[in-house]
Amino acid sequence: MEALAIRSRFRSLWRPQTSRKSRGPAPGQSGHLPAVRVWGVAEGTQVCELRGHRCGVTCVAFSPDGQHIVSVGSHDMSLNLWAWKRKALVAAHRLSNGVRAVAFSEDSAHFVTAGNRHVRFWHLEPSHSHQPLLGRPGLLGELQNRCFCAVACGRGPKSDSCFCITTSGLLCEFSGRRVLERWVSLQTSSAHALAVTEDLIFCACANGTVRVFSPSDLQFICTLPRPHQLSSTQSSISSPLFSCHLFSRKPDARYPDAVAVTFDPVNRWLSCVFNDHSVYVWDVRDLWRVGRVHSELYHSACVWDLQMFPSGGSQLALGSSELFLSGSADRTVRIWSPDGLRNASLDQDLHHVLHMDECSAALLDAERSAVSGPGKPEGGIRTVCVRPDGKHLASGDRNGILRILDLTCMKELLRAEAHESEILCLEYSKPHTGMSLLATAGRDRLIHLLDVQQHYALLQTLDEHSSAVTSIRFAVSDGKLRLISCGADKSVYIRTAHTTARGTEFKRTHHMVRKTTPNDLDVDPTGKYVAVGCQDRIVRVINISSGKQKRSYKGSQTEDGSLLKVQVDPSGLYLATSCSNKNISLFDFRTGECLATVFGHSGKKTPCSQ
């Protein structure tokens, strides 16, 4: 499945730091017919849209006077200069080398591009008509074969200079005559970004390193604290012990690479982005007493599943009454508090990081990590489910491994190869059913029923589906425990629990075959109906006791895509649907009336929870 629930399609973002007249950030997009969009920060609305690239925008930059935007295409190799307030393309040039960074001079008289064996200076002409851009190359000398990955023009006394870094870890200074005057080694395996002020140069490097230099003579000043370690152990973010290593360095510890930095000259804060998708903001007013202002620790890969903690159970297990968790392809399950944590050390929203194996390479973004291609570890958490009392967490990964974690002590109770391929869904039975069961279903078309009270012993295996099982639910209807499942074989099965000499067994009661594939289902609070979300964007409501369809209505207001997830709210009045057209819709469960539609994700939204 191609769903990337949280991956942004914005490839570059820059907003001016010196001009108060500019409206806001200018992101450059990737994909078909990309655009450079200017947004007003205060209003939160789009100001203008600039289209001129074909396949993607590598980098964009505002001029400090707020009059121009320069953008570089990733595939069409075009360099465009925009008078963005008039939405006019005033100059363009076709590049022969790949450009990775662009920066304007302090006086907005010229800008500099940097890339593979490329540092070029472009001077602006005082003309309002469309004209070709003419650039003059920097004199690279001994570094003519290096790849320059970041560039920034000097400020204040060094406004005539230009600073660049190479991917191999060299900080270079070009004079106003475009001559490479000096360079120093950053003492790192690779470098990624830099930010320049009047008195400081910040260089983002590998292994969480941010080095600080003086722009006057490129003398080394200090190294900023590193972020959190890439760990394979269960981590309590809310514990002060988790962040104590920020200011202590271990020679064998591994840290995420710093891939972007930007400086706030008003507060003198430095924001750093790392290749595990974490963000740190440092107070650098005193370089010898650097303090952490804020930090966020996000998933580094797509989120496959979301689950709310059961009411009344989460407080027993984790000490909070409002929690939810997310399972990701980065092989972690993260527990979040939507209201924030008062005593959080690193992230006020993140409560816990649960590492499901010892592979720390999966925590890094594949696009920014040296581990890629065949060497990139496969797998990731595909589905998660919390026991109704909040004590156990069940997770299934893309390799078919089932893990049971005790949330009261954060210890693994069970690890088993339950399925031959990825586990697609997990479901605990509710307390009012009278039984404590866990159902697992996978792409191998099998459903396993496990007895929770007997240390998750196998109770029964169902193999009636002829293709991948996409969803399973327990329900109590007419005083009987039911198991409902749907799959890619276009079937919906309803089974009823029976007591036999060998114990409890589920036997098929109804079998319904549709003309379109049911992707997900959910049971209403009364246990009388099941809502099935299908590939043809129709929600079909089925009576569980009779197996007959009660009603149906459109689960999406558009004519493209298919329904991926459906969820009935605890009151039974509303139904939420997630569609592959990137929209989430809210319906009246009984009438099918669409009450609201929202969007915001850049990829298919696979998770949908209450």
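Remember, predicted model here, so these are calculated numbers, not experimental data. (Residues numbered from 1 in each chain as written. Predicted model: local features only at pLDDT ≥ 70, side-chain atom pairs only at ≥ 80, totals over all residues. Heavy atoms only, no water.)

## So, the pairing of strand β42 (residues 503-513)
The pairing of strand β41 (residues 491-500) with β42 spans 10 bridges and is classified as antiparallel. Pairing of His 498 across the sheet is with Glu 505, part of β42. (Pairing = 2+ DSSP bridges. Helix = DSSP H or I, 4+ residues; strand = E, 2+ residues; numbered from the N terminus.)

## Considerations on a negative patch on the surface
Taken together, Glu 106, Asp 107, Asp 160 and Glu 198 make up a surface patch of like negative charges. By the element assignment, Asp 107 lies in the loop between β9 (99-104) and β10 (110-115). (Patch = residues over 30% accessible without salt bridge, like charges linked within 9 Å, V, L, I, M, F, W, Y side chains within 5 Å. Areas by Shrake-Rupley, 256 points an atom, 1.4 Å probe, with all protein chains shown as cover. Salt bridge = Lys/Arg side-chain N within 4 Å of Asp/Glu carboxyl O. Lys, Arg positive; Asp, Glu negative; His and termini not counted. Charge placed at Lys NZ, Arg CZ, Asp CG, Glu CD.)

## Observations concerning the sheet that holds strand β11 (residues 118-123)
Taking strand neighbours across the sheet as the criterion, the four strands line up as β9-β10-β11-β13 in an open arrangement whose pairing is antiparallel. Each of the sheet's edge strands pairs with one partner strand only, and the pair in question is β9 and β13 (135-137). Across the sheet, the mean angle from the axis of one strand to that of its neighbour is 25°, orientation sign disregarded. With five bridges connecting them, β9 and β10 associate as antiparallel partners. Looking at β10, one finds that Val 99 is bridged to Gly 115. (Axes fitted to C-alpha atoms, helices over the stretch in contact; angles between N-to-C directions.)

## A look at the pattern of salt bridges
A full pass over the atoms with the stated rule returns 20 salt bridges. For the salt bridge of Arg 387 with Asp 389, the shortest nitrogen-to-oxygen distance reads 3.0 Å. Classification of Arg 387 by relative accessible area gives buried; the value is 14%. One connected set of salt bridges, linked through shared partners, spans Arg 382, Arg 398, Glu 422 and Arg 443. (Buried < 20%, exposed > 50% of the residue type's maximum accessible area, 1.4 Å probe, protein only.)

## Quick notes on the packing of aromatic side chains
Following the criterion strictly, the structure yields 11 aromatic pairs and no others. Ring centres of Phe 104 and Phe 111 lie 5.4 Å apart, and the angle between their planes is 55°; this geometry places the pair in the tilted category. We note that Phe 104, like Phe 111, is buried. Ring geometry for Tyr 280 and Trp 282: centres 5.6 Å apart, planes at 15°, overall stacked. Judged by relative accessible area, Trp 282 falls into the buried class, the value being 1%. Grouping aromatic residues by their ring pairs yields a cluster made of Phe 104, Phe 111 and Trp 122. Above the face of the Trp 122 ring, Arg 120 is positioned so that its terminal group lies 5.5 Å from the ring centre. (Phe/Tyr/Trp six-rings, centres within 6.5 Å; stacked < 30°, edge-to-face > 60°. Lys NZ or Arg CZ within 6 Å of the ring centre and 35° of its normal.)

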